[in-house]
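Fold and geometry: a report
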Amino acid sequence: MRGVLNSLLQDLHYALRQFRKSHGFTIVAVLTLALGIGANTAIFSVVNGVLLNPLPFPHANRIVSMFEATPDFFKGSISYPNFLDWQRDNRSFEAMAAYRSTDGSITGVAQPENVRAQRVSANFFPILGVNPILGRNFTSEEDRRGAGPTALISEGLWKRKFGSDPNVIGKRLIVAGQARTIIGVIPASFRLHVFNFRTADVYEAVGEETDPAFYLRDSHWNMDAIGLLKPGITLAQACDDMKRVNAGLANAYPSVDGNVKTNIIPLKDNIVGDMRSVLLVLLGAVGFVLLIACVNVANLLLARSTARQREFSIRAALGAGQMRIVRQLLTESVLLSALGGTLGLILAKWGTTAALVAVPETVPRAEEIGIHLSALLFTVFVSVLTGIVFGLLPAIKMSRTDISERLKDGGRAISGSRSSIQSVLVMGEMAMALVLLVGAGLMCRTLVQLWKIDPGFDPHNVSFFEVTPPPSLVNQPPDAILAALRQISATLHSVPGVEALSLHDGAVPMDHDNEKGFLLEGQEPPKQRTEYFPQTVEYTVEPEYLKTMRIPLLRGRFLSDEDNESSARVVVIDASFAQQYFAGQDPIGKRIRIFEFDSDSNQRISVPLVIVGVVGHVNQWGLAEDASRPLQAQMYRPILQRGAVDMKRLARGFNVFVRSKTPLAPEAFFEPIRQKLLASNRDMVVYDNESEEEVVAQSIASQRFSLILLGTFAGLALLLAGIGIYGVLAYLVGQRTRDIGVRMALGAQRLDVLRMVLREGARMTLAGAVIGLAVALALTRLMASMLFGVRPTDPITFATVAALLCAIALFACYIPARRASKVDPMVALRYE
Amino acid sequence: MTETNQALIQITDMTKVFYTDEIETHALSGVHLSVNKGEYVAMSGPSGCGKSTLLSIIGLLDTPTAGRYFLNSKPVENLDFAERARIRNQEIGFIFQSFNLIGDLTVYENVELPLTYRQRMPSVEHKKRVMEALERVGMAHRLKHYPSQLSGGQQQRVAVARALAGHPSILLADEPTGNLDSRNGEAVMELLANLHKDGATICMVTHDPRFAKHAQREIHLFDGKVVAEEELKKLLQETSA
């Protein structure tokens, strides 16, 4: 054992001396391996953080997300009465909790500010296993209609607003104009980011809502749920159980719940979403990069092995066995990859941070991504494996050297080896580089196609922000609320640089949706309902919205100042609405009916709306997704014609869309607006300014993320493949200097030699390209879901990328080819 | 002038100086040499006397520092690389000490190699010339073999065939027996002698007096100068003393 250790130390010592001696080789090999291992470690750390790590909740594998599925939405929001029935009647869940976002304007403590706020069921945090660091969770009594307003606050808010006061429990906090008693502090370690839920600063009980509309069975207030499955219950069993529960609801409430369905998916899948396929494609891509790096280093070692054949022949002559020689060479290669791995780890740390900064909020669970123990173990494993993979072939080749032949002073004929192994390796890396380039090319074409899409509005110089009026406005009558809204609008119009603006409620293009059921004229709601009301996306706006967003008017007119609370109710529809419901007819003057909650009768009443105009369709669901979404119809209603209940909601908050006269940084334009509004009333909260251009860009962030990473890896692969083919040809030229000298002595012109070497490179490149094209054809279908407007087998991409690869490879070949053509036959023939 | 016209090679007052750092090495100093068509000349002398340098200049692999060189009555000392390559291909056939066959190519391909650098020669003509040359050296039965599958003597015969295939004006042989045993060496010398009998002009560098005797004329070089045989003996004696 001691002997083995000693000889291993000897090998290590010798390897280090070798590296010092050939520092050029060492630097190139270590850098190449660092790039390959670093890229793999970076992507593994992302895959590990997002896909492999369990969620940081005690019973994570039993927690599921729940939605009400509709024909338009796979993840539709749940009506609260239905949720309560699900909670009561199911047999598969230990617990179930609902959640929805709410207004988080904090007033009364220093400067008014808006924080993220969520309403959650009392058992929301117990399901997730989250315990407050101070105080307690909600009780079921606090999660009931009309219960005294309470709040859990985040550790961050506790520190910021209350200076980490240990006696904060029982203190008051005014949120959205309502004084709440603080009952607990949620630890900063709690993080959950899913649709409709973001880690918040304030949590309120969802069941304390007093608005009667919330308790209507056909009312959907953007609410989703989580559930904790009983131990041993599978997802399929839970789905069956919920079918049973929903059948009961359909019997009890046929007109509303006749077709209700529950969609259940594991919470982790809900969090990860589409990122799973993106990350798996990227993991495959970096695997290719590492293989290319291995091939390059293997080729370097093969080239080096020729120079060291005499050394190893002497070792063998002195008694070293084949295994001993293989072991010594593997020690060198593993040490080389360990050095590469160490540098790769640093690159990975830097690269991961850079990637997450470049495309923020694209990757779920980003806060869990990092170079942790598992990533370190991965790097060690990959480094050792890499060392063995690229070192084995040269080691075996070297160990089989013909000793007597090598110990002679040169053979009788020039070395005839065509280095076929190296050529095959180069073809392999060319093929892999081409696959990656095709992937990046397809993503590039996807982005180009997406950017070509007309969003239906002009996002340049448009931004939108949120306004929470003074809390007292909620308690005012509708007339007073309308007057306040008119006043705010007038104040905003007086800000210099404003070209057009509109107060706004409801759906926001590419940001969030708001649907409304309607009936066409003469259409009756079915008594025994098995179908849904036709749905439309609803935007509530002011007349200047059209000018603000520059949406084209196609027929009739848009909303005007005359469309107010005392005039006939009107609506403007979009081209998709007209096409879907009034094909071949003129929709102007036609009527539709919507249903609004009437607080006097405590039920929904039918409200007729006259269509006065048709505008262009606006991209609602994001550049990439819009065309594939079933819900396309859109309608615009005047903000001044909203019902009394909606007025209350507007009094709690609304958006403002503003177009500036000149291009300005969104923040630079926003600040004077904010100051102007605050000057009119210090209790107003003005926040969350976003430019429409950012919103449009964000709608394709996932594609940009894929392009940035795939592009980086493909560029890396191209660089490594270029270096690879250059290295092999340079080596071949060096090895064949005498051959070239002979050819020249026999009359070969420089151009003949140049052509000969280029032909050699072209042969490897073309063979690699053909293999790569075939592999790419098979593999790119795996990324079909990531593409838009381009087929996975897009011939333009394939042809362009293959041409690019060949051009770069031939350029790499040109350098050694030119060197070969400069060979002096006199010198070459003396070369021994 | 008349003599120049008759001579295949006419070299006048040729010098070749190598510069290494600040050291000047005079490889050739005022060499005069004339080789007529059909002549078989051996160049001999001790190691470092400049015989290989002279052969390289004759073979247009190198250029002289000064002096004139006429090949087939045409001045060739100041030609550019491409023109020298063209003349090498068409006028000169090389036979090297270490054969310099290309290991990746078969016997047939090695012999064909100089013909591939000629423009507009049909492949039928290639084949004809290659077969003729190989038959001449008795290697036609090894067409598809690679150099590594041949003995040294066989390799050198293939190298001779390669030199013949282009129908050159002159064959230049640099120690053609240097890497061969005596039996194979004799066989190659016999081959050259037969070629000479058939009209070939041969210029051979050798340090072995036994092989030099095969030539019609022997030129002795010492310290970069052409010297008479007696003078060479005297100089060698002085050096060894």
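Residues numbered from 1 in each chain as written. Chains lettered and ligands numbered in written order. Predicted model: local features only at pLDDT ≥ 70, side-chain atom pairs only at ≥ 80, totals over all residues. Heavy atoms only, no water.

1. Here we look at the overall build of chain A
Scanning chain A for helices and strands turns up 25 helices and 23 strands. Over its C-alpha atoms, taken along the principal directions, chain A stretches across nearly 110 × 65 × 55 Å. Taking all 832 residues of chain A together, the buried fraction comes to 55%. Taking contacts inside chain A between residues at least 6 apart in sequence as the whole, the part at least 24 apart equals 82%. (Helix = DSSP H or I, 4+ residues; strand = E, 2+ residues; numbered from the N terminus. Buried < 20%, exposed > 50% of the residue type's maximum accessible area, 1.4 Å probe, protein only. Contact = heavy atoms within 4.5 Å.)

2. Things to note about the interface of chain B and chain A
Tallying the contact residues gives 29 residues for chain B and 24 residues for chain A. Between chain B and chain A, roughly 2,300 Å² of surface is buried when both sides are summed, and carbon and sulfur atoms account for 56% of that area. The three residues of chain B that bury the most area against chain A are B:Phe81, B:Asp104 and B:Tyr117, which together make up 29% of that side's buried surface. Summed over the shared surface of chain B and chain A, the number is 0 salt bridges. Scanning the region where chain B abuts chain A turns up 7 residue pairs in polar contact (both at pLDDT 80 or more). Sorting the residues of the side of chain B that touches chain A by element identifies helix 3 (81-91), helix 4 (107-116) and helix 6 (152-165) of chain B as the ones contributing at least two each. Considering every element that reaches the side of chain B that touches chain A, the biggest residue donor is helix 3 of chain B, with 6 residues. Residue classes in the side of chain B that touches chain A are distributed as 16 nonpolar, 8 polar and 5 charged. (Buried area = accessible area lost by both parts, 1.4 Å probe. Salt bridge = Lys/Arg side-chain N within 4 Å of Asp/Glu carboxyl O. Polar contact = N/O pair within 3.5 Å; in protein donor to acceptor, adjacent residues only side chain to side chain. Nonpolar A, V, L, I, M, F, W, Y, C, P; charged D, E, K, R; others polar.)

3. A word on the pattern of salt bridges
Residues and elements named next belong to chain A. Evaluated as defined, the whole model comprises 46 salt bridges over all chains. For the salt bridge of Arg642 with Asp646, the shortest nitrogen-to-oxygen distance reads 2.6 Å. The same class applies to Arg642 as to Asp646, namely buried. Counted as one network, the salt bridges with shared partners bring together Asp505, Glu538, Arg569, Glu596, Arg637, Arg642, Asp646 and Arg649.

4. Focus: the domain arrangement of chain A
Interface size is commonly expressed as the accessible surface area that is lost when the partners come together. All names here are of chain A. When the domains of chain A are assigned, the result is domain 1 (63-272), domain 2 (426-455 + 700-832) and domain 3 (470-683). On a C-alpha basis, the centres of domain 2 and domain 3 stand 55 Å from each other. In this complex, domain 2 contributes 7 residues to the contact, which on the side of domain 3 involves 6 residues. In terms of surface lost to domain 3, no three residues of domain 2 exceed Ile453, Pro455 and Phe788, which account for 64% of the buried area on that side. Across the contact surface, domain 2 and domain 3 share 0 salt bridges. On inspection of domain 2 and its partner domain 3, the count reaches 1 residue pair in polar contact (both at pLDDT 80 or more). (Domains from an automatic or database assignment.)

5. What about the environment of A:His23?
Residue and element names in this part refer to chain A. For His23, the position within the fold is in helix 2 (residues 23-52). Each C-alpha atom, one on His23 and one on Asn461, is 55 Å from the other, the two residues being 438 residues apart in sequence. Within the local environment of His23, its side chain forms a polar contact with the backbone oxygen of Arg20, the two atoms lying 3.5 Å apart.

6. Comments concerning the sheet that holds strand 1 (residues 7-20) of chain B
Residues and elements named next belong to chain B. With antiparallel pairing, 4 strands are arranged side by side in an open sheet as 2-1-4-5. In this open sheet, the two edge strands, each paired with only one partner strand, are strand 2 (23-36) and strand 5 (74-75). The sheet contact formed by strand 4 (residues 66-71) and strand 5 spans 2 bridges and is antiparallel. For Phe70, the partnering residue across the bridge sits in strand 5 and is Pro75. (Pairing = 2+ DSSP bridges.)

7. Side note on the state of the cysteines
All names here are of chain A. The tally for this structure, following the rule as stated, stands at 0 disulfides over all chains. Here Cys806 stays unpaired: no disulfide links it, and the sulfur of Cys813, its closest cysteine neighbor, is 9.9 Å away. For Cys806, a relative accessible area of 17% corresponds to the buried category. (Disulfide = S-S within 2.5 Å.)

8. A closer look at the pairing of strand 1 of chain B
Regular strands show a simple pattern: their side chains alternate between the two faces of the sheet. Residue and element names in this part refer to chain B. Bridging between strand 1 and strand 2 involves 10 bridges; their strand directions are antiparallel. Each bridged residue has a counterpart across the sheet, and for Ile9 the counterpart in strand 2 is Val35. The loop that links strand 1 with its antiparallel partner strand 2 comprises 2 residues; one of these, Asp21, has a positive phi angle of about 50 degrees. Bridge count between strand 1 and strand 4: 5 bridges; the pairing is antiparallel.

9. Looking at the nonpolar core
The biggest cluster of nonpolar side chains holds 172 residues, and the ones touching the most others in it are A:Tyr636, B:Ile58 and B:Tyr69. Counting residues per element, this core draws most heavily on helix 9 (residues 275-307) of chain A, which supplies 19 residues. Two domains each put at least three residues into this core: domain 2 (426-455 + 700-832) and domain 3 (470-683) of chain A. In this structure, B:Val137, B:Ala161, B:Ile202 and B:Ala215 belong to the second largest nonpolar core, which totals 37 residues. (Core = buried A, V, L, I, M, F, W, Y, C linked by side-chain atoms within 4.5 Å.)

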